[in-house]
Structure formats: C-alpha cells, structure tokens
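Structural description and commentary
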Amino acid sequence: MKWSQFFNTSIGKKLLVGATGLFLCSFVIVHLAGNFQLLYNDQGKAFNAYAAFMGHNSLIQFIAWGLKIVILLHAFIAIQLTFSNRAARPVKYAVSPGNQTSSWFSRQMAIMGSILFIFLIIHLANFWAKFHYGDMPTQTYAGFEEPLKDLYRVSQETFKQGWLVALYVIGMIGLSFHLIHGFKSACQTFGLNHKKYNGLINFIGVWLFGIAIPIGFAIIPVVIYFK
Ligand code: HEM
C-alpha cells in the first residue's frame, strides 16, 4: 500500500491526528512559557525582545508557518474522522452506550475542538496578524539599538476588555477538556496504553495538559485585567 493510500484509511488518519495533536501539545508548553513574560514588571522589555527574536529568526518563522498548516490539518482530518465514524453507524443505539464505550470527554472532542478553533481565529487576529501585518506601536529600550514592536502594550490593551478576557477563559476551558482526552487518546493511538505507563499518561494528561497549562494561559488575561 502506498503512503498516500495509507493516510486515507481510518487508521492512517488517526495516526495523523495523533501526531499533529502531540506536536500541538509541545507548542502550547513553549507558548505558555514565553507568554509568562507578559506578567514581568519591566514595561514589556523581556516580552517584546522575545517576540522580536521569534518574529525575525528564519528557522522559527519556518516552524511557525508549519504550525499553522499542522493546526488546519489536525482540525480537518479530525472532522473527517468524526463524520466517517458517524456514517459508519447511521442509526444511533436504542440505549446510549454512555460511559461503557466512550467517556464524556471523548464525545465532547468535536465541540471543545470547535470552541478552541473559534478562539484561535480571534486570537491570531488580535496578536499574530497585528504583529506581522498591522500597525504596531513601538517602544525603545536601553540595550537595544532599534525600537521594538510593542506587543506587550497591545496585550495590555487587549486584556483591558472584559469580553476578550471572558473569551480567553472560555477558550481555555475548551483547551482543558480537549487536551485531557486528546493527549491520552494520541498516546493510545501510538500503542502506549500499557499498564506500566497508563498512570503516568493519565497524570500528564489531566494535571499538566488539563489543569496547569489552561490555568496558566487563563491567568495571564485575568491578571492583566485586574492590574
Ligand atoms: C493568555 C493566553 C495567550 C496569550 C497572551 C497569547 C499571546 C500570543 C501572542 C502575543 C502571539 C503573537 C506572537 C508572534 O506572532 O510572534 C501569539 C501567537 C499564537 N498563539 Fe497565542 N497566546 C495565548 C494563548 C494561546 C493558546 C491557548 C493557543 C493555542 C491553543 C495559542 C496559539 C497561538 C498560535 C498558533 C500563534 C501563532 C504562532 C506563530 O505564528 O508563531 N495561543 N499568541
């Protein structure tokens, strides 16, 4: 079987969703670590220097474009899989199998994934599009020859709007539910569901991706709003 044919089978698609999902899990860790600099009390020097470095480094820009393709691929194939699973079972069970065959989290994946996708579109318009293509304020800092684009100020202004803070908190609830199930499910797809590792996979899925990371992201707009 050719690779192109393999990735058209449902197992091939599941592997693609799992691999792209795990890549996105690693992205959220790096992204959150960078974003915490928004909470430094340094007039945005560290965060703006970091954003300038990320925006000008060609390797990082190459990865950043790959990231957007990966997000679209992940969403597109996951939607395809959801529809083909439904088509394979057009008549619903008379009695819902409920928790016996799929957990609540797994049945909510499409809804939480969609909330996350809408969040991402608004998020990219607010930050990424403004930074790369919009009119940005600039700020001069000691130690830097040229003024830096002031993404810090843009985020302070963005998170002074209550509705956007609410949107970020709701988006992070979507992220939490999506990752709790998604991380575990991707590990299973790659055959890691062995009783030796299940405890660790559950722990990382729930505590790191389901709780710590979404709370970490949500705290930033909330702190800026009340500052
Ligand atoms: C408090 C929460 C967040 C803040 C303050 C924040 C901030 C930012 C900023 C300032 C950028 C522009 C950086 C640049 O283009 O150089 C950005 C880009 C981006 N953010 Fe976020 N972000 C947050 C949460 C999230 C979450 C939860 C996700 C995904 C689930 C996410 C996904 C992305 C993506 C995909 C990009 C484009 C990356 C790139 O092109 O390099 N962000 N974010």
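- Looking at an unreviewed UniProt entry, the protein chain carries the name Succinate dehydrogenase / fumarate reductase cytochrome b subunit, with the source organism given as Chitinophaga niastensis.

**Describing the environment of Met136**
- Locating Met136 in the fold gives a position in the loop between helix H6 (109-133) and strand E1 (138-139).
- Taking relative accessible area as the criterion, Met136 reaches 14% and is therefore assigned buried.
- Spatially, the C-alpha atom of Met136 lies 38 Å from that of Gln108, the residues being 28 residues apart in sequence.
- In contact with Met136, not counting residues within four places along its chain, are Lys130, Phe131, Lys149, Asp150, Leu151 and Val154.

**A few points about the nonpolar core**
- In terms of nonpolar packing, the biggest core is built from 29 residues, with Leu151, Leu175, Phe209, Ile213 and Phe217 touching the most fellow members.
- Of all the secondary structure elements, the ones that give two or more residues to this core are helix H2 (10-35), helix H3 (45-56), H6, helix H7 (151-158), helix H8 (162-189) and helix H9 (195-226).
- For Leu175, the residues in contact, after removing those within four places along its chain, are Leu116, Ile213, Pro214 and Phe217.

**A closer look at the coordination of the iron atom of the ligand**
- Within the protein, His31 (NE2) and His123 (NE2) serve as the donor atoms for the iron atom of the ligand, at 1.9 to 2.0 Å.
- Here the iron atom of the ligand binds six donor atoms, and the angle range of 88 to 180° at the metal identifies the geometry as octahedral. Highlighted residues: His31 in helix H2 and His123 in helix H6, separated in sequence by 92 residues.

Cut-offs and rules
Residues numbered from 1 in each chain as written. Predicted model: local features only at pLDDT ≥ 70, side-chain atom pairs only at ≥ 80, totals over all residues. Heavy atoms only, no water. Helix = DSSP H or I, 4+ residues; strand = E, 2+ residues; numbered from the N terminus. Buried < 20%, exposed > 50% of the residue type's maximum accessible area, 1.4 Å probe, protein only. Contact = heavy atoms within 4.5 Å. Core = buried A, V, L, I, M, F, W, Y, C linked by side-chain atoms within 4.5 Å. Donors = N, O, S within 2.8 Å, 3.2 Å for Na, K, Ca; no water. Tetrahedral: all angles 85-135°; square planar, octahedral: opposite > 155°, others 65-115°.

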